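Read off the chains here:
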Amino acid sequence: MFFLIGGRGAGTWELQGIRAKGFTDNVLELLSRKLGRLSAPAQDALKTLAMLGMRAPLELLGRALQAPPARVRQQLREAAQSGLVDCDDHECAFVHDRIRGAAYALVTANERARRHLELGRLLLADRRIEDIDEDLFALANHFRQALVLVDDVTEREGVRRLTFRAGKTAKLAIAFDAARDYFADAIALLPGNRWTAPYEEVFALVGELTECEYLLGNLDRGNALSHELLAQARSDLDRAAVYRIRIVNFSAPPGTLPELLALILAALRFLGVDCP
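Residues numbered from 1 in each chain as written. Predicted model: local features only at pLDDT ≥ 70, side-chain atom pairs only at ≥ 80, totals over all residues. Heavy atoms only, no water.

**A look at the side chain of Asp185**
- Position of Asp185 relative to the elements: it lies in helix α11 (residues 176-188).
- Residue class for Asp185 comes out buried when judged on its relative accessible area of 13%.
- If we skip the residues at most four places from it in the chain, Asp185 touches Arg144, Leu147 and Thr163. (Helix = DSSP H or I, 4+ residues; strand = E, 2+ residues; numbered from the N terminus. Buried < 20%, exposed > 50% of the residue type's maximum accessible area, 1.4 Å probe, protein only. Contact = heavy atoms within 4.5 Å.)

**Quick look at the sheet that holds strand β4 (residues 85-87)**
- Spatially, three strands are ordered β3-β5-β4 in an open sheet, and the strand pairing comes out antiparallel. Lying at the two open borders of the sheet, with one neighbouring strand each, are β3 (55-57) and β4. Averaged over all pairs of adjacent strands, the angle between their axes in this sheet comes to 15°, without regard to strand direction.
- Where β4 lies against strand β5 (residues 91-94), three bridges are found, and the strand directions are antiparallel. Within β5, the residue paired with Val85 across the bridge is Phe94.
- Here helix α4 (residues 58-65) sits on the sheet in contact with β3 and β5, set at roughly 85° to β3. (Pairing = 2+ DSSP bridges. Axes fitted to C-alpha atoms, helices over the stretch in contact; angles between N-to-C directions.)

**Focus on α11**
- Compared with the 18 Å implied by 1.5 Å per residue over 13 residues, the 18 Å span of α11 between its first and last C-alpha is a close match.
- Taken together, the buried positions of α11 are occupied by Ala178, Ala179, Arg180, Tyr182, Phe183, Asp185, Ala186 and Ile187. (Expected span 1.5 Å × (residues − 1).)

**Notes on the environment of Ala224**
- Within the fold, Ala224 resides in helix α13 (residues 219-232).
- Spatially, the C-alpha atom of Ala224 lies 8.6 Å from that of Thr210, the residues being 14 residues apart in sequence.

**Quick word on the side chain of Lys171**
- Relative to the helices and strands, Lys171 resides in helix α10 (residues 153-172).
- A residue is classified by how much of its surface remains accessible, and Lys171, at 18% relative accessible area, is buried.
- There is a polar contact of 2.6 Å between the side chain of Lys171 and the side chain of Glu208. (Polar contact = N/O pair within 3.5 Å; in protein donor to acceptor, adjacent residues only side chain to side chain.)

**Some words on the packing of helix α8 (residues 109-124) against helix α9 (residues 136-144)**
- Direction vectors running N to C along α8 and α9 enclose 145°, while the axes themselves pass 7 Å from each other. Of the two elements, α8 crosses α9, and the hand of that crossing is left-handed. Between α8 and α9, the residues in contact are His116, Leu117, Leu119, Gly120, Arg121, Leu123 and Leu124 and Leu139, His142 and Phe143, respectively.
- Considered class by class, the residues forming the contact of α8 with α9 number six nonpolar, three polar and one charged. (Left-handed = near helix turned anticlockwise from the far one by under 90°. Nonpolar A, V, L, I, M, F, W, Y, C, P; charged D, E, K, R; others polar.)

**So, the state of the cysteines**
- Here the structure, examined in full by the defined rule, presents one disulfide.
- The partner cysteine of Cys87 in its disulfide is Cys92, sulfur to sulfur 1.9 Å. On the S-S bond that ties Cys87 to Cys92, the torsion sits near 115°, and the link is right-handed. (Disulfide = S-S within 2.5 Å.)

**As for the confidence of the model for the chain**
- In the predicted model, the chain carries a mean pLDDT of 84, and the fraction of residues at 70 or more is 80%.
- Note that pLDDT drops below 50 for residues 252-257; the model gives that stretch one contact with residues more than four away or on any other chain. (pLDDT = per-residue confidence, 0-100.)

**Here's the deal with the environment of Arg194**
- Note that Arg194 resides in the loop between α11 and α12 (199-215).
- We classify Arg194 as partly exposed; its relative accessible area is 22%.
- A sequence separation of twelve residues divides Arg194 from Val206, and the C-alpha atoms of the two residues are 9.8 Å apart.
- Beyond its immediate chain neighbours, meaning those up to four positions away, Arg194 contacts Ile187, Val202, Val206, Leu225 and Glu228.

**Focus on the pairing of β5**
- As judged from the three bridges shared by β3 and β5, these two strands associate in the antiparallel manner. Bridge pairing in β5 places Pro57 opposite Glu91.
- Here β4 folds back onto β5, and the loop between the two strands holds three residues.

**Some points on the packing of α4 against α8**
- Packing of α4 against α8 leaves a shortest axis separation of 10 Å and a crossing angle of 125°. As the angle between them shows, α4 and α8 are arranged oblique. At the point where α4 passes α8, the crossing takes the right-handed sense. Residues Leu60, Arg63 and Ala64 of α4 form the contact with α8, whose participating residues are Leu119, Leu122 and Leu123.
- Of the residues in the contact of α4 with α8, the class split is five nonpolar, no polar and one charged. (Parallel < 35°, antiparallel > 145°, perpendicular 65-115°, else oblique.)

**Describing the environment of Ser39**
- Inspection of the secondary structure puts Ser39 in the loop between α2 (27-36) and α3 (40-52).
- A residue is classified by how much of its surface remains accessible, and Ser39, at 26% relative accessible area, is partly exposed.
- For Ser39 and Gln75, which are 36 residues apart along the polypeptide, the C-alpha to C-alpha distance reads 8.5 Å.
- Separated by 2.4 Å, the side chains of Ser39 and Glu78 make a polar contact.

Right under this line is the structure:
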């Protein structure tokens with residue numbers, strides 16, 4: 001299944017969801033057999049297209065396959081003749097998302113992370129993270145599939161900034177599940193002791209993750225992260241910001257009003273307001 005994020009035409013491909021769907025007509029099995037009868041070059045082109053999305057420009061496919069666009073179109077001619085894809089002079093597209101799912105399933109688990117990393121690097125090459133907009137989620141999702149392979153310090157920093165931006169964009173689109181995952185990915189790219197990284201970045205990242213956990217109803221996780229933030233906060237203003245997150249997202253059964261009032265009073269004390 002393919003999940004859209006925020007109506008931006010981008011999302012994530014969930015292979016587990018496809019398998020769990022259990023199509024009664026065995027569509028995926030039939031498609032897999034049909035794909036398996038294609039030549040190796042055609043299968044390789046289809047796998048790359050599936051990892052890029054439902055459609056992709058021939059120029060991008062050519063760069064990914066290290067081949068001229070004309071050769072890529074030739075590789076995909078079999079698939080087009082079999083009714084699996086539509087190609088014109090500029091791009092190729094799967095005719096159905098189930099075909100894309102079957103093509104994606106051809107990518108073995110061992111090569112999936114490596115190929116996603118290669119595609120992420122290809123799409124990110126010679127671009128400023130601050131200027132990326134249209135394919136922000138696609139880029140972040142490629143690197144998400146390959147976080148364990150991102151071991152260069154400079155690259156980890158760049159991917160962290162990219163993923164943080166994707167999280168903030170998803171959060172603005174009220175896609176809190178996706179935002180939470182992006183923020184968690186960004187935090188995973190910090191050093192083992194994350195608070196040794198630049199304080200402002202870590203505080204902002206953990207703060208965003210904290211708010212998402214609360215918004216998703218994960219109160220225990222939200223509380224644990226907010227306590228971490230309070231322990232690491234370097235100013236009363238930062239501590240007040242943590243209390244704001246907890247107060248705005250306060251959710252508890254009836255009869256716990258004293259707990260909410262205690263939070264408000266604690267925040268006011270940090271701002272120099274002492275209430276009796």
